[in-house]
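A look at the structure
Single-letter residue listing:
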Amino acid sequence: MRTAGLLIDTAELRAHVEIVVNSTWVTDVHTHLFPADFNGLCLFGIDELLTYHYLTAEAFRSTSVPPELFWRMSKTDQADVVWKTLFVDSLPTSEAARGVITVLDAFGLDTRATDLKEARAFFNSRSLPEHVDHVLDIARVGGVVMTNDPFDEAENQIWNSNVVPDSRFQVSLRLDRLLNKSDLQGASISEHRHFLDASIRQLHPVYMGVSLPPDFNFPGDDTRDRLLRDVVLPAAREHNLAITLMIGVRRGVNPELREAGDSLGKADVSAIERLCAEYPDVKFLVTFLSRENQHELCVAARKFRNLMPFGCWWFLNNPSMVSEITRERLELLGQSFIPQHSDARVLEQLIYKWKHARKQIADALYDSYEQLLNSGRAVAPEEISRDVARLFSGNFNEWVARERCGTSVSESH
Ligand code: FIX
Ligand code: ZN
């Protein structure tokens with residue numbers, strides 16, 4: 001049996017897995033980030049970090065400031081309330097709160113500060129384009145996929161001003177405003193198709209995406225079904241574009257909390273099985289928001305090679321859940337999944353979301369290699385690099401490569 005060059009010592013194996021997982025560049029397949037030159041759409045700095053909806057939801061549980069007063073405050077005043085409530089008056093142990101600590105620490109800022117003076121001065125002193133480079137570098141993120149809404153006026157204005165986006169920011173075409181309405185909104189099916197084709201030609205997305213409620217069904221007896229069958233799926237086929245489905249969100253459960261007021265519900269994974277079976281030539285990237293759907297998603301992916309599970313979304317992006325889900329996926333799917341996306345809305349969140357995720361992914365991978373070692377197969381360093389490259393970018397690149405049967409799709413842009 002070959003042992004030369006293999007990692008048979010478990011301490012060495014662990015150290016090696018950590019080095020590879022922490023140093024491999026990742027493609028972040030779903031974010032809400034924008035490049036520096038997208039004006040106000042590029043969010044960064046301590047006030048944006050603290051007013052992230054994950055944190056406002058937590059602050060409302062403990063502050064005496066009622067939501068209607070909070071929303072009338074300036075962003076800096078809101079950030080002060082969140083800082084005092086979650087970081088000064090208590091310990092920031094929740095995942096979202098600890099995330100801010102990880103970010104402050106990465107920049108050498110005082111994580112025990114009683115006010116935000118130092119942090120504000122630091123972020124205000126940064127040149128935004130250089131700051132973007134620095135953050136991507138610290139987080140080891142080689143590229144991010146944006147969420148681009150073709151129905152959004154502010155964003156359209158930027159696209160129509162002929163901006164050339166930073167090539168590290170890839171486009172995804174977000175179709176919530178098309179697929180989550182109860183009627184056709186005064187346009188015909190062919191007009192919707194025409195609009196979608198034009199958006200694809202203008203923006204060159206890497207995929208089309210939509211978030212869906214827990215009661216999403218396929219086939220369905222509703223407008224969404226018609227739009228999927230007659231507009232979105234034919235466009236996916238024709239342009240050879242993958243479709244991303246993010247399933248299980250219940251919007252506006254508490255509207256008073258605004259963006260922080262969304263919740264989740266368990267969905268029906270068999271709808272995805274039927275979709276994948278009926279459209280075997282369309283590639284689907286799928287994530288579910290409910291913990292209860294994760295195991296079924298893995299099993300569905302074993303049945304359909306056009307189904308790629310991705311990410312531990314939103315309420316699942318906590319170390320305990322990331323650990324559980326990643327282990328489940330490794331056990332059921334080998335390396336044929338995308339372990340995480342950041343869903344970052346604020347630039348510096350890339351630092352904490354990826355640092356925290358890498359820790360869980362490294363632990364899960366190490367355990368799987370140790371089990372393999374105990375079963376009789378030691379792994380080689382280059383095999384670990386190959387696995388991590390596949391998980392962090394290879395699987396996604398393969399999914400969005402606009403190729404069918406080995407031929408690249410030529411499209412007139
Ligand atoms: O629908 C989505 O893309 C969600 O990720 C967001 O709407 C959500 O607000 C969020 O930021 C979750 O991480
Ligand atoms: Zn998102």
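As shown above, the structure is provided for reference.
A brief report on the enclosed structure follows. (Residues numbered from 1 in each chain as written. Chains lettered and ligands numbered in written order. Predicted model: local features only at pLDDT ≥ 70, side-chain atom pairs only at ≥ 80, totals over all residues. Heavy atoms only, no water.)

1. Here's the deal with the sheet that holds strand 4 (residues 172-174)
Put simply, the rule is: Whether two strands pair depends on DSSP finding at least two bridges between them. The way it works is that DSSP assigns letters per residue, a run of H or I at least four long becomes a helix, a run of E at least two long becomes a strand, and they are numbered from the N terminus. Note on method: axes are straight lines fitted to C-alpha atoms, helices fitted across the in-contact stretch only, with angles between N-to-C directions ranging 0 to 180 degrees.
A sheet is described by the order of its strands in space; here 5 strands give the open sequence 4-5-6-9-10, paired in parallel fashion. Each of the sheet's edge strands pairs with one partner strand only, and the pair in question is strand 4 and strand 10 (307-309). The average angle at which neighbouring strand axes cross in this sheet is 25°, direction not considered. Bridge analysis of strand 9 (residues 284-288) against strand 10 gives 3 bridges, and the strand direction is parallel. Across the sheet, residue L285 finds its bridge partner in strand 10, namely M308.

2. A few points about helix 13 (residues 270-278)
Keep this limit in mind: Working definition: with a 1.4 Å probe on protein chains only, accessible area under 20% of the residue-type maximum means buried, over 50% means exposed, and in between means partly exposed. Our arc is simply the arc of the directions from the helix axis toward the C-beta atoms.
When we look at burial in helix 13, the residues that qualify are A271, I272, L275 and C276. On an axial view of helix 13, the arc spanned by its buried residues comes to 130°, and they lie on one face.

3. A look at the side chain of R358
As a reminder of what qualifies: For the purpose of charge, His is not counted, nor are the chain termini; Lys and Arg are scored as positive and Asp and Glu as negative. Any carboxyl oxygen of Asp or Glu within 4 Å of a side-chain nitrogen of Lys or Arg constitutes a salt bridge here. Polar contact is the term for a pair of N or O atoms within 3.5 Å; when the atoms are in protein, one must be able to donate a hydrogen and the other to accept it, and sequence-neighboring residues count only if both atoms are side-chain atoms.
The residue R358 is located in helix 16 (residues 349-375) in this model. Despite its burial, R358 pairs with no opposite charge, the nearest such side chain being D28 at 8.8 Å. At a separation of 3.0 Å, a polar atom in the side chain of R358 contacts the main-chain carbonyl oxygen of R140.

4. Comments concerning the sheet that holds strand 1 (residues 26-28)
Stated formally: Two residues form a contact once any of their heavy atoms are found within 4.5 Å.
Spatial ordering of the open sheet is given by 1-2-3, a layout of 3 strands whose pairing is parallel. Single-partner strands in this sheet number two, and they are strand 1 and strand 3 (169-170). Here 3 bridges tie strand 1 to strand 2 (residues 141-145), and the two strands are oriented parallel to one another. Following the sheet pairing, D28 is matched in strand 2 by V144. Strand contacts of helix 17 (residues 381-400): strand 1, strand 2 and strand 3, with the helix running at about 55° to strand 1, the strand carrying the most contacts.

5. Quick word on the pairing of strand 5 (residues 207-212)
Looking down a regular strand, the side chains alternate between one sheet face and the other. Taking burial as the measure, the 6 residues of strand 5 include 6 buried ones, the bulk of the element. A two-sided burial pattern is seen for strand 5, the buried positions comprising Y207, G209 and S211 on one face and M208, V210 and L212 on the other. Looking at chain direction, strand 4 and strand 5 are connected through 3 bridges and run parallel. For S172, the partnering residue across the bridge sits in strand 5 and is Y207. With 6 bridges joining them, strand 5 and strand 6 (residues 242-247) adopt parallel strand pairing. Pairing of L212 across the sheet is with I247, part of strand 6.

6. Topic: the coordination of the zinc ion (ligand 2)
Worth spelling out the cut-off: Only nitrogen, oxygen and sulfur atoms qualify as donors, provided they sit within 2.8 Å of the metal or within 3.2 Å for Na, K and Ca; with water excluded from the atoms, sites may seem incomplete.
The zinc ion (ligand 2) binds to the protein through H30 (NE2), H32 (NE2) and D343 (OD), with metal-donor distances spanning 2.0 to 2.1 Å. Counting along the primary sequence, the residues that act as donors to the zinc ion (ligand 2) give the motif H-x1-H-x310-D. Here the two residues H30 and H32 agree in accessibility, since each one is buried.

7. Structural notes on the packing of helix 14 (residues 294-303) against helix 15 (residues 319-333)
Stated precisely, the cut-off is as follows: With respect to orientation, any angle under 35 degrees is reported as roughly parallel, any angle over 145 as roughly antiparallel, any angle of 65 to 115 as roughly perpendicular, and every other angle as oblique. By definition, turning the near helix anticlockwise from the far helix through less than a right angle yields a left-handed crossing, and turning it clockwise yields a right-handed one. All residues other than Ala, Val, Leu, Ile, Met, Phe, Trp, Tyr, Cys, Pro, Asp, Glu, Lys and Arg, Gly among them, are scored as polar; the first ten of these are nonpolar and the last four charged.
It is at 10 Å that the axes of helix 14 and helix 15 come closest, and there the two elements cross at 25°. Taken together, the axis directions place helix 14 and helix 15 in an arrangement best described as roughly parallel. Classified by chirality, the crossing of helix 15 by helix 14 is right-handed. Contacts between helix 14 and helix 15 involve Q294, H295, L297, C298, A301 and R302 from the first element and I325, E328, R329, L332 and L333 from the second. When its residues are assigned to classes, the contact of helix 14 with helix 15 shows 6 nonpolar, 2 polar and 3 charged.

8. Comments concerning the nonpolar core
Put simply, the rule is: Definition of nonpolar core: a set of buried residues of the types Ala, Val, Leu, Ile, Met, Phe, Trp, Tyr and Cys, connected through side-chain atoms within 4.5 Å.
In this structure, L50, M208, V232, L245, I272, F284 and L350 are the most contacted members of the largest nonpolar core, which totals 135 residues. Of all the elements, helix 16 adds the most residues to this core, at 11 residues. Residue contacts for L350: discarding those within four places in its chain leaves D28, L33, V135, L136, A139, V144, S342, A344 and K355. Within the second largest apolar cluster, 5 residues are counted, among which are C312, L316, V322 and I325.

9. Comments concerning the packing of aromatic side chains
By convention here, two paired aromatic rings are described through the distance between centres and the angle between planes. Here is the rule we go by: When the centres of two rings from Phe, Tyr and Trp lie within 6.5 Å, Trp using its six-membered ring, the rings pair. Their planes under 30 degrees apart give stacked, over 60 give edge-to-face, and anything left gives tilted. Only when the NZ of Lys or the CZ of Arg is both within 6 Å of the ring centre and within 35 degrees of the ring normal is a charge said to sit over the ring.
Enumeration over the complete set of coordinates arrives at 16 aromatic pairs. Ring centres 5.1 Å apart and planes at 45° place the aromatic pair F107 and F122 in the tilted group. Of this pair, F107 sits in the loop between helix 6 (95-106) and helix 7 (117-124) while F122 sits in helix 7, placing them 15 residues apart in sequence. Residues F107 and F122 agree in their burial class; the two are buried. A connected cluster of aromatic rings, assembled from ring pairs, spans F34, F38 and W159. Above the ring of Y366, the side-chain terminus of R14 is found at 4.0 Å from the ring centroid.

10. Quick notes on helix 8 (residues 128-139)
Condition: Under the convention used throughout, the expected extent of a helix is 1.5 Å for every residue step, that is, one less than its residue count.
In this model helix 8 runs 16 Å from its N-terminal to its C-terminal C-alpha over 12 residues, within 8% of the 16 Å that 1.5 Å per residue would give. For helix 8, every residue scored as buried is listed here: L128, H131, V132, V135, L136 and A139. One side of helix 8 holds all its buried residues, which, seen down the axis, span an arc of 130°. The outward face of helix 8, more than 90 degrees from its buried face, is lined by the exposed residues P129 and E130. Tucked inside the fold, the buried residues of helix 8 contact helix 7, strand 2, strand 3 and helix 16. R140, located one to two residues past helix 8, shows a positive phi value of around 55°.

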